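Fold and geometry: a report
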Amino acid sequence: MGRAEVGTPKYLANKMKSKGLQKLRWYCQMCEKQCRDENGFKCHTMSESHQRQLLLFADSPGKFLHSFSKEFSDGYMELLRRRFGTKRTNANKIYQEYIAHKEHIHMNATRWLTLSDYVKWLGRTGQVVADETEKGWFVTYIDRSPEAMERQAKADGKEKMEKDDEERMADFIERQIKKAKAKEGEDEDEKDKFTELKREENEPLKLDIRLEKKFQPDTVLGKSALTTKRPASDIDEKVFKKPKSIAGDSQTRSALDDIIKQEEAKKERANRKDYWLHKNIVVKFISKSMGDKFFKQKAVVQEVIDKYQAKVKFLETGEKVKVDQAHLETVIPALDKPVVVVNGAYRGSEALLRKLDERKFSVSIEILHGPLKGRIVDNVQYEDISKMAGV
């Protein structure tokens, strides 16, 4: 009996029956044919095409076994890389998603008898980090792509620079402490220093006492200027009062400014990321991937997904969509309106927009909360802040 013609009820019935996964015991990997029942599988094994495939397998079994194993492993690892990334995941969960695809390579056609053997092999070859628990085997993908290696190298370099900065800061503080201690020690030595009074016999005692010259009002101001008598102490204070030295204050202030600048530079390096999405900020949709309906429309970020994606709600239509941060840009509000710092040294802080510099594409903000409340930060780029939702 021939096959049913395309479009006939019999053809549609056969398609509906073959849809989805069937029993593995009635699947032939060499012929890549799935049978629906035992009788169909028996008829297939007796067919001429199946016998030819078995003869090909008998000539070079290692070649076919290696090919099936490689195809199975590539599919499993590709699913692990794309679907789960570097997160620690149950190996059986990945396998269940892999075999959900109808035309997958079955494990009984590979060199591994069980999934545990395959996971152990992955761990030995260094493709994943495998660990066994009471709930089964768990795997963690090891990303060795050029992009991942470059990101890791940048992260290592950044960490090394931060450590160098910390060491320089520690050395600077230690030098300042040593200078302060040395200065205090000199002052104490001068206070405690004394000499013994020695005098030879029959030598008159001479005391070298130097008295400051008293103020003579007659010679400086004249008699006519002294119509009212004032205490001498007031005159001395006003005439002979010396200006205070501000050299020490300026030196202390400059050292403090240096410390603040170094701390801000350190925070900038630590908080500067390639992702900037935050919850409850207003953004603008700048992509035409969904047509002109949402182009240049403003939306509120309701949820951040995996750092680079967000679920947003458009302000005009109220529709909710999931978009990537590459399709969004920040929104600058009016002056004296609240904003959220989305990137840089003060990332995550709430502030007020105080000044706008259109030539430099930057703004000045005032921090609203925390220990830095009231601090004015200048030269903040447009893309580092965004309008706060609900205001």
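Residues numbered from 1 in each chain as written. Predicted model: local features only at pLDDT ≥ 70, side-chain atom pairs only at ≥ 80, totals over all residues. Heavy atoms only, no water.

1. Comments concerning the packing of aromatic side chains
If you walk through the whole model with that rule in mind, you get 13 aromatic pairs. For the pair Tyr 118 and Trp 121, a centre-to-centre distance of 6.2 Å together with 25° between the ring planes defines the contact as stacked. Of this pair, Tyr 118 and Trp 121 both sit in helix H6 (residues 115-124), three residues apart, which is roughly one turn of the helix. The same class applies to Tyr 118 and to Trp 121, which are both buried. An aromatic cluster of at least three residues, connected via ring pairs, comprises Phe 72, Tyr 76, Tyr 95, Tyr 98, Trp 112, Tyr 118 and Trp 121. We note Arg 83 situated over the ring of Phe 84; from NZ or CZ to the ring centre the distance is 4.8 Å. The lysine or arginine in question, Arg 88, covers the ring of Phe 138, its NZ or CZ lying 4.3 Å from the ring centre. (Phe/Tyr/Trp six-rings, centres within 6.5 Å; stacked < 30°, edge-to-face > 60°. Helix = DSSP H or I, 4+ residues; strand = E, 2+ residues; numbered from the N terminus. Buried < 20%, exposed > 50% of the residue type's maximum accessible area, 1.4 Å probe, protein only. Lys NZ or Arg CZ within 6 Å of the ring centre and 35° of its normal.)

2. As for the sheet that holds strand S11 (residues 338-341)
Strand pairing in a sheet relies on backbone hydrogen bonds, with the paired strands running either antiparallel or parallel. In spatial order, the strands read S14-S13-S12-S11-S15; together these five strands make up an open sheet with antiparallel pairing. Strands at the two margins of the open sheet, each flanked by one partner only, are strand S14 (376-381) and strand S15 (385-387). Between one strand axis and the next, the sheet turns through 45° on average, direction left out of account. Relative to S14, strand S13 (residues 362-367) runs antiparallel, the two sharing four bridges. Within the sheet, the bridge partner assigned to Glu 366 lies in S14 and is Ile 376. (Pairing = 2+ DSSP bridges. Axes fitted to C-alpha atoms, helices over the stretch in contact; angles between N-to-C directions.)

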